[in-house]
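Spelled out, the chains give:
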Amino acid sequence: MIIGLTRLLTLLLHYHSSQIRIPFRYQEHPVPVVFVAASQLPTPFGVFTMHGFLEEATGKEHVALTFGTVADGEPVLGRLHSECLTGDALFSLRCDCGFQLEGALRAIAEEGRGVLLYLRQEGRGIGLLNKIRAYELQDGGADTVEANERLGFGADMRDYAICLPMLKHLGISSLKLMTNNPRKVKALGDMGIPVANRVPLQLGHNPHNSKYLATKAGKLGHMLGKLHQGEVERP
Ligand SMILES: [Zn+2]
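As a starting point, this report considers the structure included with it. Since the structure is predicted, the reported quantities are computational estimates derived from the model, not experimental observations.

**What about the nonpolar core?**
One broad trend across soluble globular proteins is that nonpolar side chains are buried collectively. Formed by 26 residues in total, the largest nonpolar core has its most connected members in Leu117, Cys163, Leu175 and Leu188. If you list the elements that add at least two residues to this core, you get β4 (76–82), β5 (114–119), α7 (163–170), β6 (175–178) and α8 (182–191). By residue number, the principal contributor to this core is α7, which donates five residues. Setting aside residues no more than four positions away along its own chain, Cys163 makes contact with Leu80, Leu117, Leu119 and Met191. Counting residues in hydrophobic clusters, the runner-up holds 14 residues, among them Leu65, Leu77, Ala104 and Tyr118.

As structure tokens, then:
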């Protein structure tokens, strides 16, 4: 009877401890993801392999494009690209996303190996329709951060935890990351995917996005401008 009670208590304690989750640390913030299929994806820059993933909790469908051999343990030229329908597909000049997407794919093909994760977190995580609401406020004079906050959102709602199972599936353990955003470098490092170096990706600047890019640099800490235009930088 005593042995039975002790075993019951042990089981209860084990069950309880398995339910404890420390939030917002990537190690304790696993994102269940299922790899679904892979196919070829010919592009103007070269033939990529497209890997499709399903994020189980949200039903979001994410994609990784790889080029060449990426699972050899060497740092891989890469980009974490969050979906921007307006910039990526509708030729918007309000942001720099479409230019960065094209520039990253071109650079990967020229390098001969690399990866681009296409993450379905539209509008820095607020969704397409809320992004249009935010643009409406920006048409009235708000900047991108003020507009998000007026709508009740944080300035940047993106979460990069989904990258870890995708990169693990692809056998990638280290990146040469094409980004101007130090938050991505830190997120990957916190997940145990070291960024060997940061490759600036300053493209597509035009009169329509100058205020937006100035806000990204001033309020969101993006590394833009001549100071950060160097070829490669160690974080
Ligand atoms: Zn965009």
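**Quick notes on helix α9 (residues 210–219)**
Along α9, the positions that sit buried rather than exposed are Tyr212, Leu213, Thr215 and Lys216. Taken end-on, α9 shows its buried residues confined to a sector of 155 degrees, consistent with a single buried face. Taken from the residues just after α9, Gly221 is the one with a positive phi, measuring 75 degrees.

**Quick word on the environment of Val47**
When you line up the elements, Val47 lands in strand β2 (residues 46–55). When the C-alpha positions of Val47 and Thr66 are compared, they lie 9.2 Å apart, and in sequence the two are 19 residues distant. Apart from the residues lying within four places of it in its own chain, the contact partners of Val47 are Gln40, Leu41, Pro42 and Phe67.

**Focus: the sheet that holds strand β7 (residues 195–199)**
Strand order in the open sheet formed by seven strands is β1-β2-β3-β5-β4-β6-β7, and the pairing between neighbours is mixed. Each end of this open sheet is capped by a strand with a single partner; those strands are β1 (33–43) and β7. This sheet shows a mean twist of 25 degrees between the axes of neighbouring strands, independent of strand direction. Strand direction decides the pairing type here: β2 and strand β3 (residues 61–67), joined by six bridges, are antiparallel. Bridge pairing links Gly52 to Val63 in β3. Sheet strands touched by α8: β4, β6 and β7. Its angle to β6, the strand with the most contacts, is close to 155 degrees.

**Structural notes on the packing of aromatic side chains**
Following the criterion strictly, the structure yields two aromatic pairs and no others. When the ring of Phe48 is compared with that of Phe67, the centres are 5.0 Å apart and the planes differ by 65 degrees; the resulting orientation is edge-to-face. One end of the pair, Phe48, is in strand β2; the other, Phe67, is in strand β3, with 19 residues separating them in the sequence. Both residues of the pair, Phe48 and Phe67, count as buried. Positioned above the aromatic ring of Tyr135, the side-chain terminus of Arg94 is 4.1 Å from the ring centre.

**Observations regarding the coordination of the zinc ion**
For the zinc ion, the full set of protein donor atoms is Cys84 (SG), Cys95 (SG) and Cys97 (SG), at a range of 2.2 Å. The sequence pattern describing where the donors of the zinc ion fall on their chain is C-x10-C-x1-C. Placement of Cys84 in the loop between β4 and α2 (85–88) and of Cys95 in the loop between α2 and α3 (97–111) is noted, with a sequence separation of eleven residues between them. Grouping residues by exposure puts Cys84 and Cys95 together as buried.

**Notes on the pattern of salt bridges**
Counted by the stated rule, this structure contains twelve salt bridges. Note that Asp139 and Arg94 form a salt bridge whose closest N and O atoms lie 3.0 Å from each other. One end of the pair, Asp139, is in helix α5 (residues 128–139); the other, Arg94, is in the loop between α2 and α3, with 45 residues separating them in the sequence. By relative accessible area, Arg94 is classed as partly exposed at 27%. Across the salt bridge formed by Lys131 and Glu122, the nearest N and O atoms sit 2.6 Å from each other. A relative accessible area of 7% means that Lys131 is categorised as buried.

About the cut-offs
In this convention, every chain numbers its residues from 1, walking through the sequence in written order. It should be noted that, the model being predicted, local features are given only for residues of pLDDT at least 70 and side-chain atom pairs only at 80 or more, the latter also being counted only at that level, while totals for whole chains, interfaces and linings use all residues. Side-chain measures here rest on the full set of heavy atoms in the structure, leaving out hydrogens and waters. Take the buried Ala, Val, Leu, Ile, Met, Phe, Trp, Tyr and Cys residues and link them wherever side-chain atoms come within 4.5 Å; each set so joined is a nonpolar core. Relative accessibility decides the category of a residue: with a 1.4 Å probe and only protein chains considered, values under 20% of the type maximum give buried, values over 50% give exposed, and everything between is partly exposed. Where helices and strands are cited, they refer to DSSP runs of H or I of at least four residues and of E of at least two residues respectively, numbered from the N terminus. In this analysis, two residues are considered to be in contact whenever any of their non-hydrogen atoms come within 4.5 Å of each other. It is the directions from the helix axis to the C-beta atoms that the arc portrays. DSSP calls a pair of strands paired once it identifies at least 2 bridges connecting them. Axis lines are fitted through C-alpha atoms, for helices just across the contact stretch, and the angle between N-to-C directions can take any value from 0 to 180 degrees. Aromatic rings from Phe, Tyr and Trp, taking only the six-membered ring of Trp, are treated as a pair when their centres fall within 6.5 Å; an angle between ring planes under 30 degrees marks them as stacked, one over 60 as edge-to-face, and anything in between as tilted. A ring has a charge above it when a Lys NZ or an Arg CZ is no more than 6 Å from the ring centre and no more than 35 degrees off the ring normal. Coordination partners: N, O, S within 2.8 Å of the metal, 3.2 Å for Na, K and Ca; water not considered, so apparent gaps in a site are possible. For salt bridges, the criterion is a side-chain nitrogen of Lys or Arg within 4 Å of an Asp or Glu carboxyl oxygen.

In short, geometric facts, not functional conclusions.
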